[in-house]
Amino acid sequence: MRKLLTLRQQEERDGFWMLLPAIGVFGVISVLPILFTLVLSFTDTPLSNPTPQNFVGLKNFLAFINSKDFWASIWRTFYFTSVSVGLELILGLGIALLIHSKPFGWQFLRASLIIPWAVPTIVNGAIWRWIYNADYGALNGLLYSLGIIEKYQAWLTKPFLAMNLVIVADVWHSVPFIALILQAALATIPREIEEASMIDGASVWQRFVHIRLQLLRPAILVALVVRTVEAFRVFDIIYVITQGGPAFGTVTISYLTYLESFTYGHLGSGSALSFLISAITLMLALIYIRILYRPEVQK
Amino acid sequence: MTKLYRITMIVVLIAMAISMTSCGAKPESTEKSVKVLAMQQAGPTPEEMNEIVAKFNESNPGIKVNIDYVSYDALHDKIATSMATNPPAYDVILVDDIWYAEFAKNGYLWDVTSKISKETKDSIFAAAWDITTVNGVTYGMPWLLDEKYFFYNEKMLADAGIAAPPKTWEELEAQSLILKEKGIVEYPIVWSWAQAETAICDFVALLYGNGGRFTDENGKPAFNEAAGVETLQWMVDSIDKGIVNPASISYVEEDVRNTFSQGKAAFAINWLYMYELAAINTDESQVVGQVKMSLIPAFEGNAAPSSSINGSMGFSVVDKSPNREEAWKYVEFLTSEEIQREYSAHLPPVWSGNYEGEALNELMALNESNPVTVPMFKEQFPYSHVRPKVPYYAEGSKALQLALQEALTKSKTPQQALDDAAAKWIELAK
Amino acid sequence: MKRLTRFIKNSWLVVFMVPVLLFIYAPITWLITSSISTRAQLLAMPPRFFPENPTLKNYMDILVPGTAVSEVARTFKITLGNSLLVALVTTVICLIIASLAAYALARLRLRYKNNFIMGILSIRMIPEISLVIPLFIAAARFGWLDKPLVLIVTYLSFALPFAIWMLTTFFETIPIEMEDAALIDGSSRLNTLFKVILPLASPGIVSTALFIFLLAWDEFFFALIFTSTTASKTVPVAIAEFTGRYAVDITAMMTGGVLAALPPVILALLFQRYIVSGLSAGAVKG
């Protein structure tokens, strides 16, 4: 005799079954591995024999805290993330406003934005690598023919410059994302609010800051969180353009983890590193949410 | 929720669980296949490799050979990640001299000591066996006996009134200044000093020509001794003096070849493969007919007149491969004397008999480059030096690569950079 | 007068548009023109903006069997197929699992709903690098390395949270009344999902499918570690192999780049309406 359930209980039961596949997948593919990573980070497991072994306690973590390379790569990753995301936000906002004002050809601009975004990151890296090429690259060619430089430069051989050039490549690829999100959000601002503020005699700047920016808060939050998390774990573009060089100048924390795990074959310390990355990423996301998530203020 | 849905869910989950645990047992196909991982940039071209496979199939029809190519820099990591699977992704791998110790220690390589007949052993250069042998156990067939050679553009030198190529690096400096002054070439010499293994190769060639050495008798790093620091300082200074192409610090061997082949350098050192492409191949080079080779110079006062780097490679069978015997057959065929002689334009044979008497003449007649490259190989080989055969070479090398870059980009002094690298080596040895 | 001010305003803005468009199109053009040049033309100094004799030879090399000069070019086609397979299957599986989950989250009153959503968001934060080592070890143990299957399964780790998030947002926008009518008629939840929600949310589903396909096509890191041979190698890995330090084959690299970029770019442009709506759904709902 089947028990009769209340409607609420029925929903819970149905919900359980519908969520089960997703829970199953997550459990196996995400939760278990990350616990495993934690376990591995306390070991010294070699790549050649990848079963957990050699318990070493906190040695991996301590080694990093004492390692210059580690802190350098953390610094570089923060630099990359902040400059990259910062630029993208500013440019993205600008482009979004531009489209929103609907000048002639704004649809074309919006459609064009999709192209850099849809191009795979590896192809993006390949394009820019070729542009920055020391002997035949377009950057050299362009600057030389404009008379800006006397001689062709080997752009990617200077560590700090290389990092910034990688940022440019990343910005090209990611600005469309932010621009499109912000533009979509702008488009949802009810006309009445915009018109009301215009009637009130508010200046353009006031309108911008108090109305638009506030209303854009949720969209900016989403864009920031997504981009920051992505930028923090950047790997693909570094692998293609500089392979971490020159002189380790573009070794970000993800690249360092790759080196540790798969080039040097220390899965234990690689796990420790990756665990650290997850922790930092999660923290960053939480910080953002705290700062930017406030109840909306209606004017 | 319908009963049907729930049952389906359970069935699917169970199926997933079963498939996960039972995977790994694959049905064996009747045709044996040998998967090879190789590198494209030295030795025979992929077309030639395919020809060799076709020939192999004449005598071994049931064995299918598939070759994958990656760049040298990706080869090491690729091998490491593909060995972890069971069965491994490849049956035959191309192994660089410097990785043999590491791979042997990790159990990737099949011990083939017993499969090599005495005859074979004696017919191949002893130095070649050193490459594939670790602690007395042989793990593969030597295949590419390569070293770097000194190339120079005879026409440029003649235009500058220089009669003979330099015998010492000091002489090279002097000649370079003349070339530069006369406007014949802006940067007379181009090197491959990118932050990669290739920079270490160049450094080693220079180091031993300065009376220095990589490690001392006890295996401890010695590259930061006076001779090493001096050598690195010379490298840094030579860029400042304008005789070295400044882009060299991001160049690898192909860039050196390109630069030289376009007549933008008068001197260069590179592996053997560059000769045919620069001196003979009109599609690839603009300086055909102007290219000559000579012994790599050493520094004045050095005991030996020349010093080069030994960058050899061997083909090995993967220990956990399910097709070891077939794989070994292929390796034997690929490295056999006839095949090596036939394709000797891009790699000198490891079979020593070819370098004496009648055999030598025959070898030299086989193609256009041999008359130059074969005697050159013979001449340079005694002076070529190897890098340390230690299991942690990959990591240690990265530290030294970094040191060289740091010194060349002037972010550290040579002494500082080399000391830091040496400290890393000592740490790794523990 | 108003038309004049509007015209002035428009031109003022168009001035801004030009640099933006240049910035967007310059690298793309460079990519395309490089792919239709010969190697010799590319190695000319200074570089020409447009090659003298554009040629389709590079494309022939890759696409037409038997004419390939470079080995890597020959196998490029195979990797295109692999990428397509992995991306399609991942998308389909994701949609199925995510639809179920999204429906539950959007419609049902569940005690643990918020926890689950938090959980999903956190999972989305986990960088690939943290999952790769244990997944690698597990895949090695089960002999799954170098098979498309391993990619499909591991891609779910980032594709699924994303899909659930997007679909939940879309489902929430469908008015409850539509379902209530069906439920009152005695339809089961599952039935409602299929017959009512999915058809109504189809733009959202197309949008989500598009995003997942692009994500999967684009993915590099897992592919790099989990694949070795052409049995499973995907396009990003193939391109990365062109660009090893020995970038001899620049034309092949650029040609491969164009080929690799074509599917996602064409799809995105064709369905741009859905992309934009997908992004705005994300932006507005957060």
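As the structure is a prediction and not an experimental result, all values here were calculated from the model.

A. Geometry of the overall build of chain A. Scanning chain A from N- to C-terminus turns up 12 helices and zero strands. Put simply, chain A has 299 residues, and 50% of those count as buried. Residue pairs at least 24 apart in sequence account for 71% of intrachain contacts in chain A once pairs closer than 6 positions are excluded.

B. Examining the overall build of chain B more closely. Helix and strand counts for chain B come out as 18 helices and 13 strands. In terms of overall size, chain B behaves like a compact globule, its C-alpha atoms giving a radius of gyration of 24 Å where 430 residues would be expected to give roughly 22 Å. For chain B, with 430 residues in total, the buried portion stands at 52%. Restricting to contacts in chain B with at least 6 residues of sequence separation, those with at least 24 account for 74%.

C. A look at the interface of chain C and chain A. Contacts between the two partners involve 78 residues from chain C and, on the opposite side, 79 residues from chain A. When residues of the side of chain C that touches chain A are assigned to their parent elements, the largest contribution, 14 residues, is made by helix H1 (residues 2–35) of chain C. Taken together, the residues that form the side of chain C that touches chain A break down as 62 nonpolar, 12 polar and four charged.

D. Broad picture of the sheet that holds strand S3 (residues 92–96) of chain B. All names here are of chain B. Here five strands make up an open sheet; going across it, the order is S2-S1-S3-S12-S6 and the pairing mixed. A single partner strand is all that each edge strand has here, and the edge strands are strand S2 (63–70) and strand S6 (141–144). Across the sheet, the mean angle separating the axes of adjacent strands is 30° when strand polarity is ignored. Bridge count between S6 and strand S12 (residues 313–317): three bridges; the pairing is antiparallel. Looking at S12, one finds that Leu144 is bridged to Met313.

E. Representation of the domain arrangement of chain B within the structure. Residue and element names in this part refer to chain B. As far as domains go, chain B holds domain 1 (32–146 + 311–385) and domain 2 (149–309 + 392–429). The distance between the C-alpha centroids of domain 1 and domain 2 comes to 27 Å. With 24 residues of domain 1 at the interface, the matching set in domain 2 holds 23 residues. Residue assignment for the side of domain 1 that touches domain 2 shows that the elements contributing at least two residues are helix H3 (72–82), helix H4 (100–105), helix H16 (370–380) and strand S13 (384–385). At five residues, H16 tops the list of elements feeding residues into the side of domain 1 that touches domain 2. Looking at the side of domain 1 that touches domain 2 residue by residue, the classes come out as 10 nonpolar, nine polar and five charged.

F. Structural detail: the interface of chain A and chain B. Counting residues at the interface gives 20 residues for chain A and 24 residues for chain B. For the side of chain A that touches chain B, the secondary structure elements donating two or more residues are helix H1 (7–40) and helix H11 (253–263) of chain A. Residue composition of the side of chain A that touches chain B, grouped by class: 12 nonpolar, six polar and two charged.

G. The packing of helix H4 (residues 106–118) of chain A against helix H7 (residues 159–187) of chain A, seen in detail. Residue and element names in this part refer to chain A. With their axes 7 Å apart at the nearest point, H4 and H7 run at an angle of 140° to one another. One finds that H4 runs oblique with respect to H7. In this structure, H4 crosses over H7, and the sense of that crossing is left-handed. Contacts between H4 and H7 pair Arg110, Leu113, Ile114, Pro116 and Trp117 from the former with Trp172, His173, Pro176, Phe177, Ala179, Leu180 and Gln183 from the latter.

H. Structural context of the pairing of S3(B). Residues and elements named next belong to chain B. Across the five residues of S3, five count as buried, placing the element largely inside the fold. By the alternation rule, side chains of S3 split into Val92, Leu94 and Asp96 and Ile93 and Val95, which are all buried. Bridging between strand S1 (residues 32–39) and S3 involves two bridges; their strand directions are parallel. What sits directly across from Val36, in S3, is Val92. Inspection of the sheet shows S3 paired to S12 by five bridges, in the antiparallel sense. If you follow Ile93 over to S12, its bridge partner there is Ser316.

I. Main features of the confidence of the model for chain B. All names here are of chain B. Here chain B shows a mean pLDDT of 86. Residues at 70 or above account for 92%. Predicted confidence for residues 20–29 stays below pLDDT 50, and this span has seven contacts to residues more than four positions away or in other chains. Predicted complex, confidence summary: ipTM 0.85, pTM 0.83.

J. Geometry of the pairing of S12(B). Burial analysis of S12(B) places five of its five residues in the buried class, the great majority of the element. Here S12(B) shows two buried faces, one formed by Met313(B), Phe315(B) and Val317(B) and the other by Gly314(B) and Ser316(B).

K. Layout of the nonpolar core. Formed by 309 residues in total, the largest nonpolar core has its most connected members in Ile181(A), Leu182(A), Val92(B), Ile189(B) and Ala101(C). Per element, the largest residue contribution to this core is 18 residues, and it comes from H7(A).

L. Inspection of unusual backbone geometry at higher detail. Residue and element names in this part refer to chain A. At Lys102, a position not held by glycine, the phi torsion is positive, near 50°. Checked against the element boundaries, Lys102 lands in the loop between helix H3 (68–100) and H4. With 11 C-beta atoms packed within 10 Å, Lys102 lands in the exposed category.

M. Geometry of the sheet that holds strand S7 (residues 149–153) of chain B. Residues and elements named next belong to chain B. Ordered by their spatial adjacency, four strands build an open sheet running S8-S9-S7-S10, and the pairing between neighbours is mixed. Among the strands making up the open sheet, the edge pair consists of strand S8 (189–190) and strand S10 (291–294). By the bridge criterion, four bridges tie S7 to strand S9 (residues 267–270) in an arrangement that is antiparallel. Its bridge partner being in S9, Tyr152 is matched across the sheet by Phe267. Its contacts with the sheet put helix H11 (residues 253–261) on S7, S8 and S9, and the angle it makes with S9 is roughly 145°.

N. Region of the structure containing the confidence of the model for chain A. Residues and elements named next belong to chain A. Per-residue pLDDT for chain A has a mean of 83; in total, 89% of the residues score no lower than 70. Averaged pLDDT values for the elements of chain A fall to 68 in helix H8 (residues 191–199) and rise to 92 in H3. With pLDDT under 50 throughout, residues 295–299 is counted as low confidence; its partners more than four residues away or in other chains account for three contacts.

O. A look at helix H10 (residues 226–240) of chain B. Residue and element names in this part refer to chain B. Here H10 contains 15 residues, and its C-alpha end-to-end distance of 21 Å stays within 8% of the 21 Å for a straight helix at 1.5 Å per residue. Buried residues of H10: Ala227, Gly228, Val229, Thr231, Leu232 and Met235, and no others. Close packing links the buried residues of H10 with helix H9 (197–208), helix H17 (393–408) and helix H18 (414–429).

P. Looking closely at the packing of helix H5 (residues 121–131) of chain A against helix H12 (residues 235–242) of chain C. It is at 9 Å that the axes of H5(A) and H12(C) come closest, and there the two elements cross at 20°. Comparing the axis directions of H5(A) and H12(C) gives the class roughly parallel. The interaxial crossing formed by H5(A) with H12(C) has left-handed handedness. Only Pro236(C), Ile239(C) and Ala240(C) of H12(C) make contact with H5(A), whose side of the interface consists of Ile122(A), Val123(A) and Ala126(A). Its residues assigned to classes, the contact of H5(A) with H12(C) comprises six nonpolar, no polar and no charged.

Q. Up close: the environment of Ala327(B). Its location among the elements puts Ala327(B) in helix H13 (residues 324–334). Sequence separation between Ala327(B) and Ser33(B) is 294 residues, and the spatial gap between their C-alpha atoms is 8.4 Å.

About the cut-offs
Residues numbered from 1 in each chain as written. Chains lettered and ligands numbered in written order. Predicted model: local features only at pLDDT ≥ 70, side-chain atom pairs only at ≥ 80, totals over all residues. Helix = DSSP H or I, 4+ residues; strand = E, 2+ residues; numbered from the N terminus. Buried ≥ 20, exposed ≤ 12 C-beta atoms within 10 Å, placed from the backbone. Contact = placed C-beta atoms within 7 Å. Rg over C-alpha atoms; globule rule 2.2 N^0.38 Å. Nonpolar A, V, L, I, M, F, W, Y, C, P; charged D, E, K, R; others polar. Pairing = 2+ DSSP bridges. Axes fitted to C-alpha atoms, helices over the stretch in contact; angles between N-to-C directions. Domains from an automatic or database assignment. Parallel < 35°, antiparallel > 145°, perpendicular 65-115°, else oblique. Left-handed = near helix turned anticlockwise from the far one by under 90°. pLDDT = per-residue confidence, 0-100. Core = buried A, V, L, I, M, F, W, Y, C linked by C-beta atoms within 7 Å. Expected span 1.5 Å × (residues − 1).

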